[in-house]
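# Observations on chain architecture
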Amino acid sequence: MRLPRFEYFAPKSLPEALTLLEEKTDGVHVMAGGTDMMVKMSHGRLTPKTIVNIKEIPDLRYIRFSPDKGLEIGSTALLSDVLKDSYINAYYPALIQAVQTMANTEVRNMATLAGNLCNAAPSADSAPPLMVMGAQISLLSAKGERRLPLMDFFKGPGITVKAPTEIMTAIHVPSPQSNSGASYKRISARCGVDIAAVGSGAWVKIEANKFTGARIVLGAVAPVPLRAVETEAALIGAPFHDETVINAARIASNEAKPISDVRATAHYRKRMVEVMTKRAIFEACERSHARQS
Amino acid sequence: MKHNIKFRVNGDDYSLAVEPWRTLNEMLREDLNLTGTKLGCGTGDCGACTVLVDGKAVSSCLTLAVSVDGKSVMTVEGLAESGEKLHPIQESFIKTGAIQCGFCTSGMEMAAYNLLSVNPSPTEQEIRKELAGHLCRCTGYNQIVEAISVAAEEMKNLRPEEEKS
């Protein structure tokens, strides 16, 4: 259970951190909360030569909201910071639903939202709600900054488009549109402190009793958080009534490509995708009605 | 290469040279001999290693010792300030029979301390939710929940009159 050996740096500024990442290219890892990295390291699944801890960089821990720019979450904002934030509680309930089911108090006091994304577990609870709400991420390196949709970030289990020399500096979520709503539903063997067996994030926009927009992302049923494009297509343009939603949830079940593992069988996961997606869409619909223009 | 770090534990200042791959749990138990903090799962699931860093409950098994440089740590040994008279949380754990084998106790007590510092009068549901990340293999959960309720009452009675509302 002992950790492997590594070099350690805790830079106090972003430029200092970026320089370090350029210099130590071989086996360098950025660490924020470390709650996933420490477990992987003690199990021998991760052996970094150098760790750059970005938690001592003061200007990365923030959560900001403005109606025109939307929500911006700095990369060392803790999961417990997210849960306490009044703007996120008021305008982004789907994100709260995801974060409050993650881990326990102790881990939420250490772990970061950006870290949950960079760890790139297919079951990452924060990914589906952020993806359906149209989140973007900022990646910064000594060569400059790029901003891309979170939809394009994940490449496989534990694999993302982020280069080792890059730091995820922020997560951006657009302001909630009128007549739109989002929700996240998940199921696991235990109600808390457990990894999701299935997660489903839904975002809908309903105007004149028709779905004019829909995004559905499924967690833990594919190598990456999976965008259910056929499910979205079944919703967009369709009239808003129960049958549309029930039919879409059935399509989501077919779109899911789960495996069997210790947490659930593939068969069970497919069945639960239908249930979770149905519940998520219905709740997103309710929230969209609450935000009618 | 060892890093020289300065930090505070239970009010005492320490200066120590630690290897970067040493966890806070290892440093507390092996270098400082503060063995009240336990190591259970080592993966942040069981809560036995809970300590407070700068006033926030964290898992010491998932914390690098070097990362507490300049910070203040509180362990179960810091609950009884004088080193003799027990904290009301510890007293209530004894009184209600919340301690069986004792391995989860220090983590449970630190979680209780953390909870009561932000929420002095938690409901039973709130206590249960907070303890979701703490495992007791003797499964004496009911007594632990009761102990925390009793401690909350005791601590309210100990506070000066004017603070009560």
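Positions within a chain are numbered from 1, following the residues in the order the chain's sequence is written. Each chain takes a letter, starting from A, and each ligand takes a number, starting from 1, following the order in which they are written. Whole-chain, interface and lining totals are the exception, using all residues; otherwise, since this is a predicted model, local features are given only for residues with pLDDT of at least 70 and side-chain atom pairs are given and counted only at 80 or more. For side-chain calculations, the full set of non-hydrogen atoms in the structure is used, while hydrogens and water are omitted.

## As for the overall build of chain A
- Counting its regular elements, chain A contains eleven helices and 14 strands.
- Taken along the three principal axes of its C-alpha coordinates, chain A extends 60 × 45 × 30 Å.
- Each residue is placed in one exposure class: buried if its accessible area under a 1.4 Å probe, protein chains only, is under 20% of its type's maximum, exposed if it is over 50%, and partly exposed if it falls in between. Counting over 293 residues, chain A shows a buried share of 56%. A helix here means a DSSP run of H or I that spans at least four residues, while a strand means a run of E at least two residues long, and both kinds are numbered starting from the N terminus.

## Brief notes about the packing of helix α10 (residues 242–255) of chain A against helix α11 (residues 266–290) of chain A
Residue and element names in this part refer to chain A.
- Angular values range over 0 to 180 degrees, each being the angle between N-to-C directions of two axes fitted as lines to C-alpha atoms, with helices fitted over their stretch in contact. Interaxial distance between α10 and α11 falls to 8 Å at its minimum, and their mutual angle equals 145 degrees. You can see that α10 and α11 cross each other, and the crossing is right-handed. Here Asp242, Val245, Ile246, Ala248, Ala249, Arg250, Ala252, Ser253 and Asn254 of α10 come into contact with α11, specifically with Lys270, Arg271, Val273, Glu274, Thr277, Lys278, Ile281 and Phe282.
- Residues are grouped as follows: Ala, Val, Leu, Ile, Met, Phe, Trp, Tyr, Cys and Pro are nonpolar; Asp, Glu, Lys and Arg are charged; every other residue, Gly included, is polar. Broken down by class, the residue content of the contact of α10 with α11 amounts to eight nonpolar, three polar and six charged. Helix crossings fall into two classes, left-handed where the near helix is turned counterclockwise from the far one by less than a right angle and right-handed where it is turned clockwise. By definition in these notes, contact holds between two residues if any of their heavy atoms fall within 4.5 Å.

## With respect to the interface of chain A and chain B
- Each partner contributes residues to the interface: chain A has 28 residues there, and chain B has 31 residues.
- Once two parts are brought into contact, the accessible area they lose, counted with a 1.4 Å probe and summed over both, makes up the buried area. Summed over the three residues of chain A that lose the most area to chain B, namely Tyr8, Met38 and Glu106 of chain A, the buried surface amounts to 26% of that side.
- A pairing counts as a salt bridge when a side-chain nitrogen of Lys or Arg comes within 4 Å of a carboxyl oxygen of Asp or Glu. The interface formed by chain A and chain B includes four salt bridges.
- Within 3.5 Å is the distance limit for a polar contact, defined as a pair of N or O atoms, with the added protein rule that one can donate a hydrogen and the other accept it, and that residues adjacent in sequence qualify only through two side-chain atoms. Where chain A meets chain B, there are nine residue pairs in polar contact (both at pLDDT 80 or more).
- Where the side of chain A that touches chain B is concerned, the elements lending two or more residues are α2 (35–42), α3 (79–84) and α6 (105–108) of chain A.
- Split into classes, the residues belonging to the side of chain A that touches chain B amount to twelve nonpolar, eight polar and eight charged.

## Let's talk about the sheet that holds strand β14 (residues 226–227) of chain A
All names here are of chain A.
- For two strands to be treated as a pair, DSSP must find at least two bridges joining them. Strands sit in the order β11-β12-β13-β14 across an open sheet of four strands; the sheet is antiparallel. For this open sheet the edge positions go to β11 (180–187) and β14, each flanked by a neighbour on one side alone.
- As paired elements, strand β13 (residues 210–219) and β14 share two bridges and run antiparallel to each other. Across the sheet, residue Val217 finds its bridge partner in β14, namely Arg227.

## Describing the domain arrangement of chain B
All names here are of chain B.
- What counts as a domain boundary in this text is fixed by an automatic or database domain assignment. Assigned domains within chain B: domain 1 (3–76) and domain 2 (88–163).
- A separation of 22 Å is found between the C-alpha centroids of domain 1 and domain 2.
- Tallying the contact residues gives 17 residues for domain 1 and twelve residues for domain 2.
- Taken together, domain 1 and domain 2 are joined by four residue pairs in polar contact (both at pLDDT 80 or more).
- Partitioned by chemical class, the residues of the side of domain 1 that touches domain 2 number seven nonpolar, seven polar and three charged.

## Description of α2 of chain A
Residue and element names in this part refer to chain A.
- For α2, a buried count of six out of eight residues is recorded, marking the element as mostly surrounded by other parts of the structure.
- For α2, the set of buried residues is Thr35, Met37, Met38, Val39, Met41 and Ser42.
- The inward-facing, buried residues of α2 abut β2 (28–31), β3 (50–53) and α6.
- Positive phi shows up at Gly44, right after α2, with a value of about 75 degrees.

## Describing the domain arrangement of chain A
Residue and element names in this part refer to chain A.
- In terms of domains, chain A is made up of domain 1 (7–53), domain 2 (58–173) and domain 3 (180–288).
- The distance between the C-alpha centroids of domain 2 and domain 3 comes to 21 Å.
- Counting residues at the interface gives 22 residues for domain 2, matched by 24 residues for domain 3.
- Interface area, domain 2 with domain 3, both sides summed: about 1800 Å², of which 66% is carbon and sulfur.

## Examining the nonpolar core
- Counting 71 residues, the largest nonpolar core has Leu95, Leu117 and Ile171 of chain A as the members making the most contacts within it.
- Once residues within four sequence positions are removed from consideration, Leu95 of chain A is found in contact with Ile73, Val82, Ile88, Leu113, Pro129, Leu130 and Met133 of chain A. Each nonpolar core is a collection of buried residues, namely Ala, Val, Leu, Ile, Met, Phe, Trp, Tyr and Cys, held together in the definition by side-chain atoms within 4.5 Å.

## A short note on the sheet that holds strand β1 (residues 3–9) of chain B
Residue and element names in this part refer to chain B.
- Spatial strand order, β2-β1-β5-β3-β4: five strands in an open sheet with mixed pairing. Among the strands making up the open sheet, the edge pair consists of β2 (12–18) and β4 (56–59). Adjacent strand axes in the sheet meet at a mean angle of 40 degrees when their direction is disregarded.
- Examined bridge by bridge, β1 and β2 share seven bridges and lie antiparallel to one another. The residue of β2 that forms the bridge with Lys6 is Ser15.

## Focus: helix α1 (residues 24–31) of chain B
Residues and elements named next belong to chain B.
- Taken together, the buried positions of α1 are Leu24, Asn25, Glu26, Met27 and Leu28.
- Contacts made by the buried residues of α1 are with β1, β2 and β3 (50–53).
- One or two residues past the end of α1 sits Asn33, with phi positive at roughly 60 degrees.

## Points about the environment of Ala238 of chain A
Residues and elements named next belong to chain A.
- Structurally, Ala238 can be placed in the loop between α9 (229–235) and α10.
- Along the backbone, Ala238 and Lys210 are 28 residues apart, and their C-alpha atoms lie at a distance of 5.7 Å.
- In this structure, Ala238 is in contact with Lys210, Phe211 and Thr244, ignoring residues within four places of it in sequence.

## Structural notes on the packing of aromatic side chains
All names here are of chain A.
- Any two of the Phe, Tyr and Trp rings considered here, Trp counted by its six-membered ring, make a pair once their centres fall within 6.5 Å; the pair's planes then place it as stacked at under 30 degrees, edge-to-face at over 60, or tilted in between. Taken as a whole and assessed by the stated rule, the structure comprises eight aromatic pairs over all chains.
- Ring plane angle 20 degrees and centroid distance 6.5 Å describe the contact between Tyr87 and Tyr91, whose orientation is recorded as stacked. Placement of the pair is Tyr87 and Tyr91 together in helix α4 (residues 86–91), with a separation of four residues, close to one helical turn.
- Classification of Tyr87 by relative accessible area gives partly exposed; the value is 40%.
- An aromatic cluster is present here, built from Phe65, Tyr87, Tyr91 and Tyr92 joined pairwise through their rings.
- Here, over-ring charges are defined by two tests on the NZ atom of lysine or the CZ atom of arginine: distance to the ring centre within 6 Å, and angle to the ring normal within 35 degrees. For the cation-ring pair, Arg64 lies above Tyr62, with the distance from its terminal atom to the ring centre recorded as 4.0 Å.
- One cation-aromatic arrangement involves Arg215 over Trp203; the distance from NZ or CZ to the ring centre is 4.3 Å.

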